[in-house]
Amino acid sequence: MVEKHLFQSITAVLLAVSLAALAGCGGAKTGKEEDLKSGAQSTQTETAGNESGTKDGADTGEVVELRFHDCIPNPEREAKFKELVERFNEANPDIKVTFESTPWDQAHNKMVTQGSSDTLPDVSIIHTSWISEFSTAGWVVALDDYIAGWEYGDQFIPYAKNVLMDYDQKQVYGNIYGIPDGLTISGLYVRKDWVEEIGMTLEDLETWDGVFEAIEKMTDPAKDRYGLAFRGSKYGAYQMGTYLLGALGGRLYEEDGTCRINTPEGLAAFERYCNLYLDGYAPQDSINWGYAEMVQGFTSGLSGVLNQTTEVTAVCAESMSDEEWTVVQFPRSSDGNIYSTADSYFYAVTSSSKHPDEAWRFVSFMLEPENNMEYCEVNMYIPVMQGAEEDPRFAQGYMAGFTKTMNDPNFIRNPYYGYFPEQTEFTDTIYDQEMQRYLLGQQSAQEAVDNIADFLTQAQQRFMEESPQTPLPCAVRADGTEVK
């Protein structure tokens, strides 16, 4: 447990940087593109409250004053938070919660400063990579006993409880320090009118084989129509890798740290995905497409299939008719499992609070199933509490495909590519370069996967020598068990 704690502490910042950049490729909610964009556009909001921290201020009368802080503000999100805070205050006259927020690019530094001076807000939304740092520093409190005594404590969806809370936290740090607020995952945006034209059904796209067939049949260069909104530029390899890891059954490394990407299965998956571009099933200039170009390619009617996360539903709804598009669940690999990622921000109660019990009352209010669904509806997240799979807001329409994916018992979270320091260099540079060289005809597919595998093998085995007790990066099932 100590070793696993150590590697997550060392790599927390590296993972935050790389995962933030991977936004919009289905990789992670953390720092995703709309979070960064909204943070940059937002101005810091500080409402009434004791800025120096509750430990330095005296309570007035019998009313407990709490500060609640958000690190990724945008106007719609702030409006919903303020509405929920007002409802909580009305229902709990002995507590007064005030809301404050800090833009994403400033939030971490501010919270570190507050943590060092014991002036953190009572409750805060925190990034997943901060849990290691903040729990090690003693800035957040364990929530296990609160959860155990809560009336809804057994109603988290399996992935939220088993993976994000138990596997990622309890098994690493011994306790749960953050509770997920909502999930963002990948789904397939599809032109359903095109699917009908080619004689297929949306159910046919539930497997990767069906998706590849649909992409090929949709393509008609004479009509300037292509099957896939291909991400060929930065983080395109990461998106390709989601398919490749599924083909590997979620097993990225052998026990000795040898990377499996250049196995026959890995090579075949790499070629099959990349050849969608080389065989003309994606626009020729999509080798240079990033997030914005992919989305534009889909909404403009140039491409028929787009692999993206929940935030793109708003863009599509604004620019396309309901008859033209929908979202289907992420496709299954040949073994019947869905290999993808699902991430969250977290509610945390800080050790600066003089009133942790009251702070928990507020957190538990925010997580009550209906309140969590209201919050997730505004933010286009999948709720972490059970019930969304039957609620029309999430079980019907654009969000249905995402909800179906997240509640599938065969959902498996793909492994990280590594916990070694070179992980950022790999995801930011090496991975894309090797795929691009193949796409440009500068090397063979075998050379590409060999170069990728060699880099990861060397980095992983070097890291294993330095930290021999650290487990390999593993895919994790929704029940919390590892794929080995």
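See the structure shown above.
Note that this is a predicted model, so its numbers are computed, not measured.

Reading the values: the criteria
- Residues numbered from 1 in each chain as written.
- Predicted model: local features only at pLDDT ≥ 70, side-chain atom pairs only at ≥ 80, totals over all residues.
- Heavy atoms only, no water.
- Core = buried A, V, L, I, M, F, W, Y, C linked by side-chain atoms within 4.5 Å.
- Buried < 20%, exposed > 50% of the residue type's maximum accessible area, 1.4 Å probe, protein only.
- Helix = DSSP H or I, 4+ residues; strand = E, 2+ residues; numbered from the N terminus.
- Contact = heavy atoms within 4.5 Å.
- Phe/Tyr/Trp six-rings, centres within 6.5 Å; stacked < 30°, edge-to-face > 60°.
- Lys NZ or Arg CZ within 6 Å of the ring centre and 35° of its normal.
- Pairing = 2+ DSSP bridges.
- Arc of directions from axis to C-beta.
- Salt bridge = Lys/Arg side-chain N within 4 Å of Asp/Glu carboxyl O.
- Axes fitted to C-alpha atoms, helices over the stretch in contact; angles between N-to-C directions.
- Right-handed = clockwise from strand over helix to strand, strands pointing away.

**Student:** When you look at the nonpolar core in this model, what are you seeing that I'm missing?
**Tutor:** In terms of nonpolar packing, the biggest core is built from 143 residues, with Phe68, Ile261, Phe270 and Leu456 touching the most fellow members. A per-element tally of this core places helix 19 (residues 445–466) first, with 9 residues. Sequence-distant contacts of Phe270, that is, excluding residues within four places in its chain, are made with Met240, Leu244, Met435, Tyr438, Ala445, Ala448, Val449 and Ile452.

**Student:** Quick question: what am I supposed to make of the packing of aromatic side chains here?
**Tutor:** Ring pairs (aromatic) are described by centroid distance and by the angle formed between their planes. One pass over the structure, following the stated rule, counts 36 aromatic pairs. Measuring from centroid to centroid gives 5.7 Å for Trp208 and Phe330, while their planes differ by 90°, and the two rings are edge-to-face. With Trp208 in helix 9 (residues 208–218) and Phe330 in the loop between strand 9 (325–328) and strand 10 (338–340), this residue pair connects regions lying 122 residues apart in the sequence. The exposure classification of Trp208 matches that of Phe330, with both residues buried. Pairwise contacts between aromatic rings join Phe68, Phe81, Phe88, Phe99, Tyr347, Phe362, Phe365, Tyr375 and Tyr381 into one cluster. We note Arg225 situated over the ring of Trp194; from NZ or CZ to the ring centre the distance is 4.2 Å.

**Student:** Which parts of the structure should I look at to understand the pairing of strand 8 (residues 303–309)?
**Tutor:** Where a strand is regular, its side chains alternate between the two sheet faces. Buried residues dominate strand 8, accounting for 7 of its 7 residues. Sheet analysis places strand 6 (residues 184–191) next to strand 8, joined by 5 bridges and oriented antiparallel. Paired with Tyr189 across the bridge in strand 8 is Leu306. By the bridge criterion, 2 bridges tie strand 7 (residues 226–228) to strand 8 in an arrangement that is parallel.

**Student:** How do you make sense of helix 13 (residues 312–319) when you look at a structure like this?
**Tutor:** Along an α-helix, residues three or four positions apart point the same way, because every turn accommodates 3.6 residues. All of the buried residues along helix 13 are Val312, Thr313 and Cys316. End-on, the buried residues of helix 13 take up no more than an arc of 105°, which puts them together on one face. At its buried positions, helix 13 is contacted by strand 6, helix 12 (291–299), strand 8, strand 9 and helix 17 (400–406).

**Student:** What exactly am I supposed to notice about the pattern of salt bridges here?
**Tutor:** Opposite charge on two side chains lets them pair, provided their charged atoms get close. Within this structure, the stated rule accounts for 26 salt bridges. Note that Glu374 and Arg87 form a salt bridge whose closest N and O atoms lie 3.2 Å from each other. On the criterion of sequence distance, the pair formed by Glu374 in helix 15 (residues 369–379) and Arg87 in helix 3 (residues 75–91) is long-range, its members being 287 residues apart. Here Glu374 falls in the buried class, since its relative accessible area comes to 14%. Take Arg87: its relative accessible area is 27%, and that puts it in the partly exposed class. A salt bridge links Glu377 to Arg393; its shortest N-O distance comes to 3.7 Å. Taken together, the residues Glu377 in helix 15 and Arg393 in helix 16 (residues 392–395) connect sequence positions 16 residues apart.

**Student:** It is not clear to me how the sheet that holds strand 15 (residues 482–483) should be interpreted in this structure. Could you clarify?
**Tutor:** Backbone hydrogen bonds hold the strands of a sheet together, and the pairing may be parallel or antiparallel. The strand order across the open sheet built from 4 strands is 10-13-14-15, with neighbouring strands paired in mixed fashion. The sheet is open, and its two borders are formed by strand 10 and strand 15, each paired with just one other strand. Where strand 14 (residues 475–477) meets strand 15, 2 bridges bridge the pair, whose relative direction is antiparallel. Bridge pairing in strand 15 links Val476 to Glu482. Together, strand 13 (411–413), strand 14 and strand 15 form the strand contacts of helix 7 (residues 158–173), whose direction differs from that of strand 13 by roughly 25°.

**Student:** Could you clarify how one ought to interpret the pairing of strand 3 (residues 95–101) in this entry?
**Tutor:** Counting buried positions along strand 3 gives 6 out of 7 residues, so the element sits mostly inside the fold. Sheet topology note: the strand 2 (residues 64–70)/strand 3 ladder contains 7 bridges and is parallel. Bridging from a neighbouring strand, Leu66 pairs with Val97 of strand 3. In the classification by handedness, the crossover that spans strand 2, the intervening helix 3 and the parallel strand 3 is right-handed.

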